[in-house]
Amino acid sequence: MALRGVRVLELAGLVPGPFCGMVLADFGAQVVRVDRTGVRGGTSYLARGKRSLALDLKRPRGAAVLRRLCTRADVVLDPFRAGVMEKLQLGPEILQRENPSLIYARLSGFGQLGRFSRLAGHDINYLALSGVLSKLGKSGDKPCAPLNLLADFGGGGLMCALGIMMALFERTRSGKGQVIDANMVEGTAYLSTFLWQTQEMGLWEQPRGQNMLDGGAPFYTTYRTADEEFMAVGAIEPQFYELLIKGLGLKSEELPNQMSITDWPEMKKKFADIFAKKTKAEWCRIFDGTDACVTPVLSLEEAVQHGHNKERGSFITHGEQGVSPRPAPLLSNTPAIPSSKRDPFVGEHTEEILREFGFSQEEIDQLNSDKIIESSKPRANL
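Right, let's walk through the structure included here. Treat the numbers as computed from the prediction; the structure is a model and nothing was measured.

With respect to the overall build of the protein chain
Assigned secondary structure in the protein chain consists of 15 helices and 12 strands. The proportion of buried residues among the 382 residues of the protein chain is 44%. Considering only residue pairs separated by 6 or more positions, the protein chain has 64% of its internal contacts joining residues 24 or more positions apart. When the accessible area of the protein chain is evaluated, it comes to approximately 20,600 Å², of which 54% is carbon and sulfur surface. On the protein chain, the mean spot of the 46 positive side-chain charges and the mean spot of the 45 negative ones are 5 Å from each other.

Put into structure tokens, the structure is as follows:
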């Protein structure tokens, strides 16, 4: 796999950090999740392919253990607000002094500098500050966040993983690590570069929900079907729009121009009335195999069973892990091989990991005795 041999220390945090660590693990990195002590037996989100070491970083000896681990690591993933790691004497200045090749990835909400850098927040707050949230939502309604996918996972975890990949590549030339300031406000704003660059083109000059790509156009929205399901329509180009019109049983010469914004509300009502007369399955039979850009809105369960996704193997099933999306993108020579093992219990691999990083059994026993670390072995099912 592409990241085979790369050692990552992921400090346990909320979902953006674990997602970043899971991406690295799926593509071959050896990811150690450094969990808090006092959470015996529990598991965590997005822990596929990782091992768990339970360590009390709030105690000086616990911080000293992490510093020692970092001397042999390639990447450390810091998911905390600005200043937290410095208080623990675990900031990049200290860790990179002992290991100049260490890549120190900082994944936060507001970044390492600025008046909000030490404040709490969540996906919706980062979306709001990036400017993107102002563009999301229905016409005449309040802004609405698309779950917590955009900032937490797109602008946060995935952007941080990209930064780590670039830092690893640069290190092959310089031999030096660097600090990555990945934050969800700027990551989300960067994802929205298209919005900024197309403002002057008039693509977003209408109020929210009334533009071509935000649900305002009759040819780029969703419609309810006779069985209370939905179809998604994205027929932007004229040739695709013509196929949409044909599939709906209409004639383009009897309709307003596709780009006549003033006629969009009336056309949406017309299309809605037509879509409401057939079931989702019936519309699929009409539009499947065409370039009309009309597809069914699938539930998670339906997505797994859809013919296209099954042909590609887009979803995987691994025992206790259940069903999940296959890692993307596909690499021809070094594809991801996601672990099929169950997620680790907190502290399950503590002693194993410490031995790999050069700790003696005597040192491990003392750390256990002093409650600096915790070990949690799964019980056998008899």
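Details of the packing of aromatic side chains
Enumeration according to the criterion identifies 9 aromatic pairs in this entry. Taking the centre distance of 5.4 Å and the plane angle of 85° together, the rings of phenylalanine 110 and phenylalanine 116 count as edge-to-face. For phenylalanine 110, a relative accessible area of 12% corresponds to the buried category. Taken together, the ring pairs in this structure connect Tyr223, Phe271, Phe275, Trp283 and Phe287 into an aromatic cluster. Sitting over the ring of phenylalanine 359, arginine 68 keeps its end group 3.8 Å from the ring centre. Over the ring of tryptophan 283 we find lysine 278; its NZ or CZ atom is 5.2 Å from the centre of that ring.

Here we look at the pairing of strand 3 (residues 50-55)
Counting buried positions along strand 3 yields 6 of 6 residues, so the element is predominantly enclosed. Residues Lys50, Ser52 and Ala54 line one face of strand 3 and the alternating positions Arg51, Leu53 and Leu55 line the opposite face, and both faces are buried. Looking at chain direction, strand 2 (residues 30-35) and strand 3 are connected through 5 bridges and run parallel. Its bridge partner lying in strand 3, arginine 33 is registered against serine 52. Direction of pairing for strand 3 relative to strand 12 (residues 373-374): antiparallel, over a ladder of 2 bridges. Residue pairing across strands places alanine 54 opposite glutamate 374, the latter belonging to strand 12.

Thoughts on the packing of helix 1 (residues 16-26) against helix 6 (residues 149-174)
Running from N to C, helix 1 and helix 6 cross one another at 45°; their axes reach a closest spacing of 8 Å. Overall, the two elements helix 1 and helix 6 adopt an arrangement that is oblique. At the point where helix 1 passes helix 6, the crossing takes the right-handed sense. Contacts from Pro16, Phe19, Cys20, Val23 and Leu24 of helix 1 reach helix 6 at Asp152, Phe153, Gly157, Leu158, Cys160, Ala161, Ile164 and Met165.

Notes on the nonpolar core
Nonpolar side chains in soluble globular proteins generally cluster together in the buried interior. In this structure, Leu24, Cys160 and Ile164 are the most contacted members of the largest nonpolar core, which totals 34 residues. Mapped onto this core, the elements with two or more residues apiece are helix 1, strand 4 (75-78), strand 5 (103-108), helix 5 (123-130), helix 6, strand 6 (179-183) and helix 7 (184-191). Tallying contributions element by element places helix 6 first for this core, with 7 residues. Residues in contact with isoleucine 164, not counting those within four places in the same chain, are Cys20, Leu24, Val75, Ile103, Ala105 and Ile180.

Here's the deal with helix 2 (residues 60-70)
Taken residue by residue, helix 2 has Gly62, Ala63, Val65, Leu66, Leu69 and Cys70 as its buried positions. Seen along its axis, helix 2 keeps its buried residues to an arc of 155°; they face one direction.

Some points on the side chain of aspartate 214
In this fold, aspartate 214 is placed in the loop between helix 8 (193-198) and strand 7 (220-224). With no salt bridge to any partner, buried aspartate 214 finds its closest opposite charge in arginine 208, at an N-O distance of 7.3 Å. Of note is the side chain of aspartate 214, whose polar atom sits 2.8 Å from the backbone nitrogen of glycine 209. In this structure the side chain of aspartate 214 is engaged in a polar contact, spanning 3.4 Å, whose partner is the backbone nitrogen of glutamine 210. Not counting residues within four places of it along the chain, the set of residues in contact with aspartate 214 comprises Lys135, Gly137, Trp204, Pro207, Arg208 and Gly209.

Remarks on the side chain of lysine 50
Relative to the assigned elements, lysine 50 resides in strand 3. One polar contact links the side chain of lysine 50 to the main-chain carbonyl oxygen of proline 18, over a distance of 2.8 Å. In contact with lysine 50, other than residues within four places in its own chain, are Glu10, Pro18, Gly21, Met22, Val31, Pro344 and His349.

What to know about the pattern of salt bridges
With the rule as written, the count across this model stands at 15 salt bridges. With a shortest N-O distance of 2.6 Å, lysine 50 and glutamate 10 are connected by a salt bridge. One end of the pair, lysine 50, is in strand 3; the other, glutamate 10, is in strand 1 (residues 7-11), with 40 residues separating them in the sequence. Residue lysine 50 is classed as buried on the basis of its relative accessible area of 5%. In this structure, glutamate 352 and arginine 51 form a salt bridge, with 2.5 Å as the shortest nitrogen-oxygen distance. Of the two residues, glutamate 352 sits in helix 14 (residues 350-356) while arginine 51 sits in strand 3, which places them 301 residues apart along the sequence. Note on arginine 51: relative accessible area 18%, which makes it buried. In this structure, a network of salt bridges that share partners links the residues Arg51, Glu352 and Glu356.

Let's talk about the packing of helix 9 (residues 238-247) against helix 11 (residues 280-287)
Relative orientation of the contacting elements helix 9 and helix 11 amounts to 130°, with a least axis distance of 10 Å. Comparing their axes, helix 11 and helix 9 come out oblique. For helix 9 against helix 11, the interelement crossing comes out right-handed. Across from Leu243, Leu244 and Gly247 in helix 9, the residues of helix 11 making contact are Trp283, Ile286 and Phe287. Counted by class, the contact of helix 9 with helix 11 contains 5 nonpolar, 1 polar and no charged residues.

Thresholds, definitions, all that
Residues numbered from 1 in each chain as written. Predicted model: local features only at pLDDT ≥ 70, side-chain atom pairs only at ≥ 80, totals over all residues. Heavy atoms only, no water. Helix = DSSP H or I, 4+ residues; strand = E, 2+ residues; numbered from the N terminus. Buried < 20%, exposed > 50% of the residue type's maximum accessible area, 1.4 Å probe, protein only. Contact = heavy atoms within 4.5 Å. Areas by Shrake-Rupley, 256 points an atom, 1.4 Å probe, with all protein chains shown as cover. Lys, Arg positive; Asp, Glu negative; His and termini not counted. Charge placed at Lys NZ, Arg CZ, Asp CG, Glu CD. Phe/Tyr/Trp six-rings, centres within 6.5 Å; stacked < 30°, edge-to-face > 60°. Lys NZ or Arg CZ within 6 Å of the ring centre and 35° of its normal. Pairing = 2+ DSSP bridges. Axes fitted to C-alpha atoms, helices over the stretch in contact; angles between N-to-C directions. Parallel < 35°, antiparallel > 145°, perpendicular 65-115°, else oblique. Left-handed = near helix turned anticlockwise from the far one by under 90°. Core = buried A, V, L, I, M, F, W, Y, C linked by side-chain atoms within 4.5 Å. Arc of directions from axis to C-beta. Salt bridge = Lys/Arg side-chain N within 4 Å of Asp/Glu carboxyl O. Polar contact = N/O pair within 3.5 Å; in protein donor to acceptor, adjacent residues only side chain to side chain. Nonpolar A, V, L, I, M, F, W, Y, C, P; charged D, E, K, R; others polar.

On their own, these measurements won't tell you what the molecule is for.
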